[in-house]
Structures are given as structure tokens and as C-alpha cells.
Amino acid sequence: MFQSGFRAHHSTDTALLKVTNDLLIASDHGLVSMLVLLDLSAAFDTVDHSILLQRLEHVIGIKGTALDWFRSYLSDRYQFAHVHGVPSSYSRVSHGVPQGSVLGPILFTLYMLPLGNIIRQHGINFHCYADDTQLYLSMKPEETEKLVKLQTCLKDIKSWMSSNFLLLNSGKTEVMVPLSPHWVMVSSPLLSSPFLSSSSRLVMLILV
């Protein structure tokens with residue numbers, strides 16, 4: 001995946017630079033772009049351990065003793081609340097990666113690997129920073145039918161996230177239309193997609 005999070009010499013700056021540069025190049029070629037910012041709710045806390053271990057084995061190729069190490073790392077974890085000096089009962093943790101750990105971000109990134117394959121199948125450009133994903137599609141102004149690809153991609157993403165216990169927050173999903181003074185953006189069917197809730201925001205950006 002194109003990931004700027006949890007990597008040396010990468011940051012929010014490199015993520016912004018990558019996406020902005022791609023949009024500016026598209027604008028220079030007379031193309032219009034649609035940018036969708038996907039938001040996940042409590043992404044690190046909803047990673048399913050069984051799915052993660054299967055992914056490490058069958059997608060990454062980790063087997064034997066190394067896989068047992070990861071299984072041991074994720075197993076027998078408990079959590080409890082401590083209020084006014086009184087602890088609650090212990091609850092076994094079967095989801096989530098340990099935050100604040102070295103392995104946590106790496107395991108989350110590996111858990112999300114299939115998402116990149118889904119997006120590529122639809123020919124959509126994308127970039128990630130941690131659990132945030134930006135999708136963007138550029139086209140000629142008269143080629144608005146290509147937005148169907150973006151709609152289908154969003155539908156497949158939502159289906160995949162649901163089956164992997166990830167909650168896509170449609171209410172915080174934003175659709176951005178970078179505008180050039182030389183374009184007129186026509187009405188987009190994406191904005192009426194059932195994928196986007198009524199609270200999703202449409203933001204117009206001026207590329208200069």
C-alpha cells in the first residue's frame with residue numbers, strides 16, 4: 001500500500017505532498033478530480049486477532065515459530081478500568097493491536113494490506129496515512145460516467161471493512177472537488193450515493 005504512516009522519512013507532509021502533486025499534475029493536463037477522504041472509527045481497537053494471524057500466515061508468509069510468537073503476543077491480554085481506587089473485573093481482549101507498542105502500527109498496516117488490492121482493481125488512485133485513506137480519480141470534464149468506478153470501489157471497500165470488523169464512519173467521510181478557474185464541475189452521482197450519509201461533507205478546493 002502507499003502508506004506514509006509509521007515509516008521512516010515519511011509523515012503527514014509526505015502524504016499531503018503526494019496527493020496534492022498528483023492532483024496538480026491532473027489539473028495541468030486539463031482533468032477534473034474527485035477526492036474522497038475515508039474515516040475509520042477506533043480502527044486500531046477493532047482488528048480481529050484471528051483474521052490478523054491468518055493474514056500473517058497466508059498473505060505475508062509467516063509460519064512456524066515466528067507465527068507462534070505473534071500468536072503469543074496477541075493472546076491472553078486483559079483490560080480493566082480503575083476508578084477511585086476500585087478496579088473492575090478483568091475482560092479478555094480478542095480485538096485490537098496494542099497501542100503505544102512497536103509492533104502495533106506494523107500489525108495494523110499488515111491487517112489493512114488487502115484494501116490496496118481492492119482499490120487497485122478499480123483503477124483508483126489512493127494514499128494512506130495510518131488509518132486514513134484518500135481515494136482520488138481524475139478525468140476529463142465530460143467523462144463523469146467514470147465516477148461509477150469510484151462508487152463501485154467505495155461499495156467494495158465498505159463490504160470488505162464490514163467483513164473485517166472495521167467500522168467506516170460515513171458521517172465523517174468527506175468528498176472534495178479540487179477546482180481550477182478554467183473548469184465547471186457538473187453534478188456528480190457520487191454525491192447521492194447511499195455510501196455517503198447526509199452528514200458527509202462536500203468541500204470545494206481551488207488549485208493554484
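This text goes with the structure placed above it.
On a predicted model such as this, the values are computed, not experimentally measured, just so you know.

About the cut-offs
- Residues numbered from 1 in each chain as written.
- Predicted model: local features only at pLDDT ≥ 70, side-chain atom pairs only at ≥ 80, totals over all residues.
- Heavy atoms only, no water.
- Helix = DSSP H or I, 4+ residues; strand = E, 2+ residues; numbered from the N terminus.
- Areas by Shrake-Rupley, 256 points an atom, 1.4 Å probe, with all protein chains shown as cover.
- Axes fitted to C-alpha atoms, helices over the stretch in contact; angles between N-to-C directions.
- Parallel < 35°, antiparallel > 145°, perpendicular 65-115°, else oblique.
- Left-handed = near helix turned anticlockwise from the far one by under 90°.
- Contact = heavy atoms within 4.5 Å.
- Nonpolar A, V, L, I, M, F, W, Y, C, P; charged D, E, K, R; others polar.
- Buried < 20%, exposed > 50% of the residue type's maximum accessible area, 1.4 Å probe, protein only.
- Salt bridge = Lys/Arg side-chain N within 4 Å of Asp/Glu carboxyl O.
- Core = buried A, V, L, I, M, F, W, Y, C linked by side-chain atoms within 4.5 Å.
- Domains from an automatic or database assignment.
- 1 Å grid on protein atoms, 1.4 Å probe; cavity = no way out; pocket = protein on both sides within 12 Å on 5 of 7 lines; lining within 4 Å.
- Points joined across faces, edges and corners; volume = space filled by probe spheres on them.
- Patch = residues over 30% accessible without salt bridge, like charges linked within 9 Å, V, L, I, M, F, W, Y side chains within 5 Å.
- Expected span 1.5 Å × (residues − 1).
- Phe/Tyr/Trp six-rings, centres within 6.5 Å; stacked < 30°, edge-to-face > 60°.
- Lys NZ or Arg CZ within 6 Å of the ring centre and 35° of its normal.

Q: Give a description of the overall build of the protein that names residues and reports values.
A: Along the backbone of the protein there are six helices and eleven strands. Looking at the protein as shown, the accessible area adds up to about 11400 Å², and 57% of this sits on carbon and sulfur atoms.

Q: Give a description of the packing of helix 2 (residues 49-60) against helix 3 (residues 64-74) that names residues and reports values.
A: Any two packed helices are characterised by how steeply their axes cross, that is the angle between the axes, and by the distance between the axes. As a packed pair, helix 2 and helix 3 sit with axes 10 Å apart at the nearest point and diverge in direction by 165°. Compared by their axis directions, helix 2 and helix 3 come out roughly antiparallel. Two packed elements cross with a definite hand, and for helix 2 against helix 3 that hand is right-handed. Here helix 2 contributes His 49, Leu 52, Leu 53, Leu 56 and Glu 57 to the contact with helix 3, which in turn contributes Leu 67, Phe 70, Arg 71 and Leu 74. Within the contact of helix 2 with helix 3, the residues separate by chemical class into six nonpolar, one polar and two charged.

Q: Break down the environment of Gly 171 for me, citing the residues and quoting the values.
A: Position of Gly 171 among the secondary structure elements: in the loop between strand 9 (167-168) and strand 10 (174-179). Given the relative accessible area of 27%, Gly 171 is considered partly exposed. Here the alpha-carbon distance between Gly 171 and Leu 38, two residues 133 residues apart in the chain, equals 9.9 Å.

Q: Which residues make up the pattern of salt bridges, and what values go with them?
A: Throughout the structure, instances matching the rule amount to four salt bridges. In this structure, the salt-bridge partner of Glu 143 is Lys 146, at a minimum N-O distance of 3.3 Å.

Q: I'd like a rundown of the nonpolar core, residues and numbers included.
A: In this structure, Leu 56, Leu 135, Leu 150, Ile 157 and Met 161 are the most contacted members of the largest nonpolar core, which totals 42 residues. Ranked by residue count, the leading element in this core is helix 6 (residues 147-163), at seven residues. Here this core spans two domains, and each of domain 1 (1-48 + 101-189) and domain 2 (50-94) adds at least three residues to it. Among residues more than four places away in sequence, those in contact with Leu 135 are Met 34, Leu 35, Val 36, Leu 38, Ile 119, Ile 124, Asn 125, Phe 126, Leu 150, Leu 154 and Ile 157. Counting five residues, the second largest nonpolar core, distinct from the first, contains Val 19, Leu 23, Leu 35 and Met 176.

Q: Lay out the layout of surface pockets with the relevant residues and their values.
A: A water-sized probe rolled over the atoms picks out the places where empty space is left. The calculated volume of the second largest pocket comes to roughly 200 Å³. Around the second largest pocket, the lining is made up of 13 residues, and of these Gln 79, Val 93, His 95, Gly 96 and Val 97 lie nearest the centre. Within the lining of the second largest pocket, the residues separate by chemical class into four nonpolar, six polar and three charged.

Q: Requested: an account of a nonpolar patch on the surface, with residues and values cited.
A: A surface patch of nonpolar side chains, amounting to about 360 Å² of accessible area, comprises Tyr 78, Phe 80 and Tyr 90. Along the chain, the position of Tyr 78 falls in strand 3 (residues 78-79). Of the residues examined, Tyr 78 reaches a relative accessible area of 43% and is grouped as partly exposed.

Q: Give a description of helix 6 that names residues and reports values.
A: With 17 residues, helix 6 should cover 24 Å at 1.5 Å per step; its first-to-last C-alpha distance of 25 Å lies within 8% of that length. Just past helix 6, the residue Phe 165 takes up positive phi, approximately 60°.

Q: How would you summarise the packing of aromatic side chains if you had to cite specific residues and measurements?
A: Inspection of the entire model under this criterion finds two aromatic pairs. Geometrically, the ring pair formed by Phe 44 and Phe 108 is stacked, given 4.3 Å between the ring centres and 20° between the ring planes. Separated by 64 residues along the polypeptide, Phe 44 in the loop between strand 2 (40-41) and helix 2 and Phe 108 in helix 4 (residues 103-111) bring together distant segments of the chain. For the pair Phe 44 and Phe 108, a shared accessibility class is recorded, and that class is buried. The positively charged end of Arg 55 is found above the aromatic ring belonging to Tyr 111, 5.1 Å away from the centroid.

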